[in-house]
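Structural characterization, general
The chain contents come next:
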Amino acid sequence: MYDFAYHKPSSVADAVKLLAADPDARAISGGMTLLPALKLRLNKPTAVVDLSGIAELRGVKREGGTIVVGALTKHYEVATSAEIKAAIPALAWMASTIGDTQVRNRGTMGGSVANNDPSADYPAALLALGATIQTDKRKIGADDFFQGMFATALDTGEIVTAIHIPVPEKAGYAKMKNPASRYSMAGVFVARGPAGVRVGVNGAGANGAFRATAMEAALAANWSPDAVASIKMDPAMMNGDIHGSAEYRAHLVTVMAKRAVANAG
Amino acid sequence: MNVVAPFEGIGASVRRKEDLRFLSGRGQYTDDINRPGQTHAFILRSPHAHAEIRSIDVTAAKAMPGVLAVFTGADMAGIGGLPCGWQIHNKDGSPMAEPKHPVLAEGKVRHVGDPVAVVVAETKAQARDAGEAIVVDYNPLPAAATMDQALKAGAPQVHEGAPGNLCYDWHIGDKAALDAAFAKAHKVVSFETTNNRLVPNAMEPRAAIGEFDPQSGDYTLYTTSQNPHVIRLLMGAFVLNIPEAKLRVVAPDVGGGFGSKIYHYAEEAIVTWASARVKRPIKWTAERTESFMSDAHGRDHVSRAELALDADGKILGLKVHTLANMGAYLSTFAPCVPTYLYATLLAGVYTTPVIYAEVKAVFTNTVPVDAYRGAGRPEATYLLERLMDVAAAEIGMDRVEFRRKNFIPVDAFPYQTPVALQYDSGNYFATLDAALQAADWKGFEARRAAAKAKGKLRGIGISTYLEACGIAPSAVVGSLGARAGLYEVGTIRVHPTGSVTVLTGTHSHGQGHETTLAQLVADRLGVPLANIDIVHGDTAKVPFGMGTYGSRSLAVGGSAMFKAMDKIIAKGKRIAAHLMEASVEDVEFDRGTFRVAGTDKTKSLTDISLAAYVPHNYPIEEIEPGLEETAFYDPKNFTYPGGCHIAEVEIDPDTGKVSMVNFTAVDDVGRVINPMIVEGQVQGGVAQGIGQALLESAIYDAQGQLISGSMMDYTMPRADDLAPVSVATHTTLCTHNPLGVKGCGEVGAIGSPPAVINAVVDALKDYGVRHIEMPATPAKIWNIVNGGRKMAAE
Ligand SMILES: Cc1cc2nc3c(=O)[nH]c(=O)nc-3n(C[C@H](O)[C@H](O)[C@H](O)COP(=O)(O)OP(=O)(O)OC[C@H]3O[C@@H](n4cnc5c(N)ncnc54)[C@H](O)[C@@H]3O)c2cc1C
């Protein structure tokens, strides 16, 4: 780890000010992604702005047909939140499958969303649920927010403050884990709700999380595992590595889609 | 009053004495040790698999804050290379190619991770900062990253002194006899396979502290070693030229080794040497990324085997050709692994009358490869036990019957194999039958059908294996090329009031020796376990020793202790005879009590030890005071544990994922001292075997970069990857050591991989699969299930 300045603001306004003053400063939430990168000296921020002291970023609440998740909400809290378990059990279950106990007790939804790791779980769910990402200055729909591998609509210094998720009628998730990292190798989140029928895919795409529109159309016509069983992904759009070829991942997306629909009931 | 003490001797599942320390975070590992005035080393490593070093500029690094010194290969030029402990000879009798292994690179780097320079600074971070300021001008060269690449005509040469990248071309067995056997064969079955390369990944990364005392001129090295005396010998005599009396090597608590901590590594020599230059202690601790690129890897064989059979399915002969990857340099024991620890095991548990094996060892631009849990024996077992299944299928014989038909009969021991070894004891029928029973082999087809109804493919696999432990005797291994003896040393120190300190030359790095070895003393001398202390891992305390590997600690180290106890008892009898006014011949000893035969005259061990240390009434003219004895024990033969492993798996055809559903091990490890510890050792070994079979693989790309260079890509087994492992033992005693023990440290890792792959192939039998290479990952299996695709069965 290289030396850096450390700040712990207690309001979003102060955090934004600190980040605006120094383009090489980085926000930190749970640190489960940033800290390993710092330790490996892959990152050299001049300052780290610790968001964990900002009370307004915490908490899960239901506002009518929407679940509002504060950016600092930990995976463990998502997995155990009574509101989320009642409204979107598939999301709570997803959170319970992220990493390990230690990671779930530090990693946050805001951090995961801002990082947009192609193998992370949440982006697929937020795409499928038609969520809106709230930042310190605007609201961005999930479709516009997630822009490929590790790329988001966030400007430099912009902070995710909350995630607004419309409550679906049905939702389900299934994933195949990478045998080594245990991140998603192909995960599919299906939802039917206010935003229509939507399918988000993580882990498999060559360019990060994406929506499987052919599957959405098929499920809109017939909400059943069989509806997606014959829909093949194009391997050219998939990622291949030592753990599996693009063809394998394309196949897994179909398998996971079937299972996700079955899990959604 | 008669106090009935709980039985703590041989056969008792006593809880491990060391675990309270380990589980409560109070172990003292090398990195826990901090010496006054300690500094920190950072080792700059090569990012290239193969490159010429044009120049190294350390000026900026030397000027960085906190930096005490920066050294490169040029500074260490007068120092010896890291020695190799085993010399193999080629078919023509000439010695193997043995290129120098410099401590710090000299003019060339030969693998990613090869040490190039060392920075010594006040803090670890300062050392690392300065390391980044070192400017190395590399001229990258084409790499020989795989054995395939290395053996091609015109391949990049890893070493000048090893033409064609060949380290040696060795063979064993009678080729003419083999050809004759093949000429008579009814059928010849051939089989090719790769034994995947593994990264050991002990939980504790390697670490070393070098400390030089300018007053006395003494050096101390604290290091994560399985054999501190061997390190003292290798580093002192061959690298740094420090006499034994001036060099103390301490291997304190060590968090797992699996072989990777046997070898003498560059970092040990660097911190020891440099501590005398900076006149301060220097600590180095590997980061996990460094472990991946600097700990010796394991396995990495490519083999072709041919099995000749008669019309009844009796094996007539076995021919094996193997390529073994040595990596860029010869690690300490690397050359013996694919030869005397491998080809000599190719008879397995079968009566194969002739065997001929050729082994070529190959240099590549990769991390050195050396012994890893099992060392050579897992490679032999995997090849043979896969071949047995393939052959049974090809001749249409039941795989269990085929094995039984070829087993060495129970009454054939001692049994001489055609590849040098003489097995002293075993009963392969008994372990097979017990395992078949425990695994409910008969009921399997019903379980397969039930799985099929759920859309799953279920398979069962078996391996009947044998291994050789406690490598010895010294004279024999010397004639085979070992540059060390393989005896062991034990000292029994009975203190005045009867408590006992044992000094052993073996080393415990998780195996539980502090308990098992103490049980030997409790059982024989009748001393409560709580009053027995096992001391190991310090050359200043223990007279000598060869350390722990090859499941030798109990068979060799325990036997040395047994011999030392013989001497204690003999001396004790003489003292007792004096005290009880009897003749020595009439004194008997049993678990702590000396008795005049046929009388109720007794003396306790404590009476004797007190008399020995307070010799008021004592035969001082004939016997020296004190009660301490040392024995060196050189075994007459290897020991031969063996047994039967059965794996049951279920495959999800949609994803290709293999789930272990059951694992049964019935092992003959000789006499069992502590059944709980044996069970733990077998379970751990099986976990590693399942890891090799299904998960682990060190993968280099064509440029020699290790792609699976971290836990993100290298799949270590986790608890949920494993099955419940049921462990049982069936004992035949070792006939040549006084304890009758054989060893249990490696059996799990040796017997299990072929059992697992045999089960996977069995599960896929409807897909026409003949073989699947390790690790059987979901992607590989899906390729097969998906059919038609050319990657099937690779
Ligand atoms: C061993 C391990 C296993 C894991 N397995 C999984 C898994 O299976 N699935 C999965 O999805 N994830 C996994 N993760 C990642 C984990 O979920 C991380 O917690 C998550 O990706 C990032 O959240 P964080 O709060 O830790 O972010 P941090 O590490 O603090 O930050 C990550 C990035 O986001 C930025 N950032 C943080 N908060 C904000 C904010 N509010 N606004 C704007 N930018 C912000 C930071 O500057 C940084 O660039 C794993 C991590 C580890 C260490």
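Residues numbered from 1 in each chain as written. Chains lettered and ligands numbered in written order. Predicted model: local features only at pLDDT ≥ 70, side-chain atom pairs only at ≥ 80, totals over all residues. Heavy atoms only, no water.

This part is about the sheet that holds strand 28 (residues 725-729) of chain B. Residues and elements named next belong to chain B. The sheet built from 4 strands is open, its strands ordered 18-26-27-28 with mixed pairing. Unpaired on one side and paired on the other, strand 18 (457-466) and strand 28 mark the two borders of the sheet. Adjacent strand axes in the sheet meet at a mean angle of 10°, parallel and antiparallel pairs treated alike. With 10 bridges joining them, strand 18 and strand 26 (residues 642-651) adopt antiparallel strand pairing. In the strand pairing of strand 26, Leu466 is matched with Gly642. Of the strands in this sheet, strand 18 and strand 26 are in contact with helix 12 (residues 444-453), which crosses strand 18 at around 145°. (Pairing = 2+ DSSP bridges. Helix = DSSP H or I, 4+ residues; strand = E, 2+ residues; numbered from the N terminus. Axes fitted to C-alpha atoms, helices over the stretch in contact; angles between N-to-C directions. Contact = heavy atoms within 4.5 Å.)

This brings us to the interface of chain B and chain A. Chain B puts 24 residues into the contact, and the matching count from chain A is 21 residues. Of the roughly 1,900 Å² buried between chain B and chain A, counting both surfaces, carbon and sulfur atoms make up 53%. Linking chain B to chain A there are 6 salt bridges. Taken together, the links from chain B to chain A amount to 14 residue pairs in polar contact (both at pLDDT 80 or more). Broken down by secondary-structure element, the contributors of at least two residues to the side of chain B that touches chain A are helix 3 (124-132) and helix 19 (778-785) of chain B. Of the residues forming the side of chain B that touches chain A, the biggest block, 4 residues, is contributed by helix 3 of chain B. Of the residues assigned to the side of chain B that touches chain A, the class counts are 9 nonpolar, 4 polar and 11 charged. (Buried area = accessible area lost by both parts, 1.4 Å probe. Salt bridge = Lys/Arg side-chain N within 4 Å of Asp/Glu carboxyl O. Polar contact = N/O pair within 3.5 Å; in protein donor to acceptor, adjacent residues only side chain to side chain. Nonpolar A, V, L, I, M, F, W, Y, C, P; charged D, E, K, R; others polar.)

Residues and elements named next belong to chain B. Mapped onto the fold, Ser559 is located in helix 15 (residues 553-580). Only 2.6 Å separates the side chain of Ser559 from the backbone oxygen of Ala555, close enough to count as a polar contact. With residues near it in sequence (within four places) discarded, Ser559 still touches Leu554, Tyr633, Asn737, Pro738 and Leu739.

We now examine the domain arrangement of chain B. Often, the extent of an interface is quoted as the loss of accessible area on bringing the components together. Residues and elements named next belong to chain B. Segmentation of chain B into domains returns domain 1 (6-26 + 487-633), domain 2 (38-141 + 207-285) and domain 3 (301-471 + 637-791). Computed from C-alpha coordinates alone, the two centres of domain 1 and domain 2 are separated by 39 Å. Counting each side, the surface lost to burial between domain 1 and domain 2 is near 1,400 Å², with a carbon and sulfur contribution of 54%. Together, His507, His509 and Thr539 form the three largest contributors to the area buried by domain 1 at its contact with domain 2, with a combined 41%. (Domains from an automatic or database assignment.)

With that out of the way, let us pick up the domain arrangement of chain A. Once the domains are mapped, chain A shows domain 1 (1-48) and domain 2 (170-264). Computed from C-alpha coordinates alone, the two centres of domain 1 of chain A and domain 2 of chain A are separated by 34 Å.

Packed helix pairs are characterised by how far apart their axes lie and by the angle those axes make with each other. All names here are of chain B. In contact at an axis separation of 11 Å, helix 6 (residues 228-240) and helix 7 (residues 266-278) are set at 65° when each is read in the N-to-C sense. Comparing the axis directions of helix 6 and helix 7 gives the class roughly perpendicular. For helix 6 against helix 7, the interelement crossing comes out right-handed. In this structure, helix 6 contributes Ile231, Met235, Val239 and Leu240 to the contact, and helix 7 contributes Glu268, Ala269, Thr272 and Trp273. (Parallel < 35°, antiparallel > 145°, perpendicular 65-115°, else oblique. Left-handed = near helix turned anticlockwise from the far one by under 90°.)

Residue and element names in this part refer to chain A. Taken together, 4 strands build an open sheet; the order of strands is 9-10-11-12 and the sheet is antiparallel. In this open sheet, the two edge strands, each paired with only one partner strand, are strand 9 (170-177) and strand 12 (210-211). In the sheet, strand 10 (residues 184-193) pairs with strand 11 (residues 196-202) via 7 bridges, with the strands oriented antiparallel. Paired with Ala191 across the bridge in strand 11 is Arg198. Here helix 5 (residues 89-96) sits on the sheet and contacts strand 9 and strand 10; the angle it forms with strand 9, its principal contact strand, is near 20°. Packing of helix 8 (residues 122-129) onto the sheet brings it into contact with strand 9, strand 10, strand 11 and strand 12, and relative to strand 11 it is tilted by some 165°.

In this section: the packing of aromatic side chains. All names here are of chain B. A full pass over the atoms with the stated rule returns 22 aromatic pairs over all chains. Their ring planes at 50° and their centres at 4.7 Å tell us that Phe212 and Tyr219 sit as a pair that is tilted. Tyr219 matches Phe212 in its accessibility class, with the two residues each being buried. Here Tyr415 and Tyr423 contribute two aromatic rings whose centre-to-centre distance is 6.1 Å and whose plane-to-plane angle is 40°, an arrangement assigned as tilted. Residue class for Tyr423 comes out buried when judged on its relative accessible area of 0%. Site record: aromatic cluster; members linked through ring pairs are Tyr350, Phe407, Phe413, Tyr428 and Phe429. (Phe/Tyr/Trp six-rings, centres within 6.5 Å; stacked < 30°, edge-to-face > 60°. Buried < 20%, exposed > 50% of the residue type's maximum accessible area, 1.4 Å probe, protein only.)

The subject of this paragraph is the site of the ligand. All names here are of chain A. Around the ligand sit 27 residues in total, of which Arg26, Ala27, Ser29, Thr108 and Asp121 are the nearest. Between the ligand and Gly30 there is a distance of 2.8 Å, counted from an oxygen atom to a backbone nitrogen or oxygen. Taking 970 Å² as the accessible area of the ligand by itself, protein coverage stands at 90%. Going through the elements one at a time, strand 2 (25-28) and helix 7 (109-115) are the ones with two or more residues in the shell around the ligand. Looking at the shell around the ligand element by element, the count peaks at 4 residues for helix 7. Residues that form the shell around the ligand fall into these classes: 12 nonpolar, 11 polar and 4 charged. (Near = heavy atom within 4 Å. Areas by Shrake-Rupley, 256 points an atom, 1.4 Å probe, with all protein chains shown as cover.)

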